[in-house]
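Observations on the three-dimensional arrangement
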Amino acid sequence: MSQKFLKFKVFGMAALLFILPLVSFGLFEKDLSFGIKNNQEISNLQDFLQKQGVYSGPINGSFFSLTREGVKKFQVKENIKPALGYFGSKTRVVANRIITG
């Protein structure tokens, strides 16, 4: 194996180790709001909120009262104002910062 190929292979593996955790859990990229049903991003949000200790409802991909209350609790916990339960850009930035550590 050439030295150049070996460096490329090592760099590629390092990049994958950094990127894969972000892809596997996923960063939040869209606004999420009340009434969305059967949506993977809502399931990811519910899982995230559960891990933050602010949601104990089902992980079902539907954004209704329990999810909205979980988002509100997260917003209060993270001092995001107004805490209306809408998962918009302000809340996404904070959530994504927590995910990426």
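Heads up: these notes are all about the structure in this document. Everything numeric in this text was worked out from a predicted model, so none of it was measured.

The subject of this paragraph is the nonpolar core. With 15 residues, the main nonpolar core has F28, L32, L45, L49, F63, F74 and F87 as its most contacted residues. Residue assignment for this core shows that the elements contributing at least two residues are α2 (40-51), α3 (65-77) and α4 (89-100). Residue contributions to this core peak at four residues, all from α2. For L32, the residues in contact, after removing those within four places along its chain, are E41, I42, L45, F63, Y86 and F87.

Let's shift gears to the packing of α2 against α3. The N-to-C vectors of α2 and α3 enclose an angle of 50°; their axes lie 10 Å apart at closest approach. By the angle between their axes, α2 is oblique relative to α3. Where α2 crosses over α3, the handedness of that crossing is left-handed. Residues L45, Q46, F48 and L49 of α2 pack against T67, G70, V71 and F74 of α3. Of the residues in the contact of α2 with α3, the class split is five nonpolar, three polar and no charged.

Mapped onto the fold, T67 is located in helix α3. Looking at T67, its side chain comes within polar contact range of the main-chain oxygen of S62, at 3.4 Å. Apart from residues no more than four positions distant in its own chain, T67 is found in contact with L45, Q46, L49, Y55 and S62.

Taking 1.5 Å per residue, twelve residues should reach 16 Å; α4 reaches 16 Å between its end C-alpha atoms and fits that length. Those residues of α4 that are buried are in contact with α2 and α3. Once α4 ends, the next one or two residues include G101, with phi positive near 70°.

So, on to the side chain of Q46. Of note, Q46 is situated in helix α2. Filtering out sequence-adjacent residues up to four positions away, Q46 remains in contact with Y55, P58, I59, N60, G61, S62 and T67.

The next subject is the pattern of salt bridges. Under the defined criterion, the tally for this structure stands at three salt bridges. Notably, a salt bridge pairs K51 with D47, separated by 3.0 Å at the nearest N-O pair. Taken together, the residues span about one helical turn, with K51 and D47 both in helix α2 at a distance of four residues. Put simply, E69 and K72 hold a salt bridge, and the shortest N to O gap is 3.4 Å. In this pair, E69 and K72 both sit in helix α3, three residues apart, roughly one turn of the helix.

Reading the values: the criteria
- Residues numbered from 1 in each chain as written.
- Predicted model: local features only at pLDDT ≥ 70, side-chain atom pairs only at ≥ 80, totals over all residues.
- Heavy atoms only, no water.
- Core = buried A, V, L, I, M, F, W, Y, C linked by side-chain atoms within 4.5 Å.
- Buried < 20%, exposed > 50% of the residue type's maximum accessible area, 1.4 Å probe, protein only.
- Helix = DSSP H or I, 4+ residues; strand = E, 2+ residues; numbered from the N terminus.
- Contact = heavy atoms within 4.5 Å.
- Axes fitted to C-alpha atoms, helices over the stretch in contact; angles between N-to-C directions.
- Parallel < 35°, antiparallel > 145°, perpendicular 65-115°, else oblique.
- Left-handed = near helix turned anticlockwise from the far one by under 90°.
- Nonpolar A, V, L, I, M, F, W, Y, C, P; charged D, E, K, R; others polar.
- Polar contact = N/O pair within 3.5 Å; in protein donor to acceptor, adjacent residues only side chain to side chain.
- Expected span 1.5 Å × (residues − 1).
- Salt bridge = Lys/Arg side-chain N within 4 Å of Asp/Glu carboxyl O.

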